[in-house]
Amino acid sequence: MPATVDKAFFDELASIARCGTLPFFRQLLVIDNKGGHAFDPVTQADIKTERNLRKYIAKKFPDHGIYGEEEGTEGSEKDFIWVIDPIDGTRTFISGIPIWGTLIGLLYKERAVAGMMAQPFTRELFFTTVEGSFFQRGDDVPRQLKVRKTFSLAEATLFSTAPSLFDAKTNQGFQRLEATVRFTRFGTDCYAFAMLAAGFIDLVIETGLKPYDVVALIPIIEKAGGVITQWNGRPAEEGGNIIAAATLQLYESALQKLHGRETDD
């Protein structure tokens, strides 16, 4: 990983995200739907923020590729590729609820090696360095993130975006898992993954994610001691159906439930 991908760089990206998003947050917006029947909103804030982030990254790392949700890919053949979701949780953004975030991750040869999740309204920054995963609010001193050592499904808290996103097959697996955990909550998008890394959540289950929804979050979770893959065990960098867990034991027990296999937990 390039030595210049450090906290100062993430601080600058977070500042750009703040300037791009906050003027539009809790304001009356023109909202376009890019998803047809399935409502998939995009706003001026998404587009402006991604363009400004791309411009800064391209200036700082002209030899790197960039893949963004709104403006696609440049330099897909590069070893290093930055993956950007300017507003993960646009539905919550347009609803005035501050649990959306700006996601920026770095791939090296298709493996996520660095990432950040910034929440501009609360001035929270979750980020990675070579030393691990960290959290900072405003000008406070950063603190290192560690997952909660939860090993039993019966003691686990489970989060997901919305039950309506599961199809008939994945919903069966999710319901089997949900029946075994302590409690379940919905609707937090990227924030749930950050809270898993911070030790407040134990499991996050999602379906149909794109790479830009998850690449930034992978190193944050892994460097905090957690596990994150697709349900089939493939790398989470590809997107798809995603499971994140605080511990390997919890991850394995949750996978058994998702796939309908017996477990002693």
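Residues numbered from 1 in each chain as written. Predicted model: local features only at pLDDT ≥ 70, side-chain atom pairs only at ≥ 80, totals over all residues. Heavy atoms only, no water.

Trainee: Looking at this model, I keep getting lost on the overall build of the chain. Mind explaining?
Mentor: Counting its secondary structure elements, the chain contains eight helices and 15 strands. A compact globule built from 265 residues should have a C-alpha radius of gyration of about 18 Å, and the chain, at 18 Å, falls within 12% of that. Out of the 265 residues in the chain, the part that is buried amounts to 54%. Once the 29 positive and 35 negative side-chain charges of the chain are each reduced to a mean point, those two points are 3 Å apart. (Helix = DSSP H or I, 4+ residues; strand = E, 2+ residues; numbered from the N terminus. Rg over C-alpha atoms; globule rule 2.2 N^0.38 Å. Buried < 20%, exposed > 50% of the residue type's maximum accessible area, 1.4 Å probe, protein only. Lys, Arg positive; Asp, Glu negative; His and termini not counted. Charge placed at Lys NZ, Arg CZ, Asp CG, Glu CD.)

Trainee: What is the right way to look at the sheet that holds strand β5 (residues 80-88) in this model?
Mentor: Pairing between the strands of a sheet is mediated by backbone hydrogen bonds and can be parallel or antiparallel. The strand order across the open sheet built from eight strands is β4-β3-β5-β6-β7-β8-β9-β10, with neighbouring strands paired in mixed fashion. In this open sheet, the two edge strands, each paired with only one partner strand, are β4 (72-74) and β10 (143-144). Strands β3 (65-68), β4, β5 and β6 (101-108) of the sheet are contacted by helix α2 (residues 44-60), whose axis makes an angle of about 155° with β5. (Pairing = 2+ DSSP bridges. Contact = heavy atoms within 4.5 Å. Axes fitted to C-alpha atoms, helices over the stretch in contact; angles between N-to-C directions.)

Trainee: How should the environment of T207 be read in this particular structure?
Mentor: Take T207: it is sitting in strand β13 (residues 203-209). Residue classification places T207 among the buried residues on the basis of a relative accessible area of 11%. In contact with T207, other than residues within four places in its own chain, are L165, F166, T170, W231, G240 and N241.

Trainee: Hey, could you run me through the environment of E69 in this one?
Mentor: Summarising the element assignment, E69 is placed in the loop between β3 and β4. Placed 18 residues apart in sequence, E69 and I87 show a C-alpha to C-alpha distance of 9.2 Å.

Trainee: Looking at this structure, how should I read the side chain of H64?
Mentor: Residue placement: H64 occurs in the loop between α2 and β3. By relative accessible area, which is 14% here, H64 ends up buried. Polar side-chain contacts of H64 include one of 2.9 Å to the side chain of W82. (Polar contact = N/O pair within 3.5 Å; in protein donor to acceptor, adjacent residues only side chain to side chain.)

Trainee: Honestly, the state of the cysteines in this entry has me stumped. Any pointers?
Mentor: One way to say it: the disulfide is the covalent bond shared by the sulfur atoms of two cysteines. For the coordinates displayed, the defined rule picks out zero disulfides. The closest cysteine sulfur to the non-disulfide-bonded C19 is located on C190, 19 Å from its own sulfur. You can call C190 buried: its relative accessible area is 1%. (Disulfide = S-S within 2.5 Å.)

Trainee: Would you mind showing me how to read the environment of I94 here?
Mentor: In this structure, I94 sits in helix α3 (residues 90-94). A relative accessible area of 28% places I94 in the partly exposed class. Distance in space between the C-alpha atoms of I94 and D202 is 28 Å, their sequence separation being 108 residues.

Trainee: Would you explain unusual backbone geometry in this entry?
Mentor: Glycine aside, negative phi is the norm for most residues, and most peptide bonds take the trans geometry. One non-glycine residue, R26, lies in the positive phi region at around 60°. Position of R26 relative to the elements: it lies in the loop between α1 (7-21) and β1 (32-33). Even without glycine at this site, K109 takes up a positive phi of about 50°. Relative to the helices and strands, K109 resides in the loop between β6 and β7 (111-119). K109 gets classed as exposed once you look at its relative accessible area, which sits at 53%.

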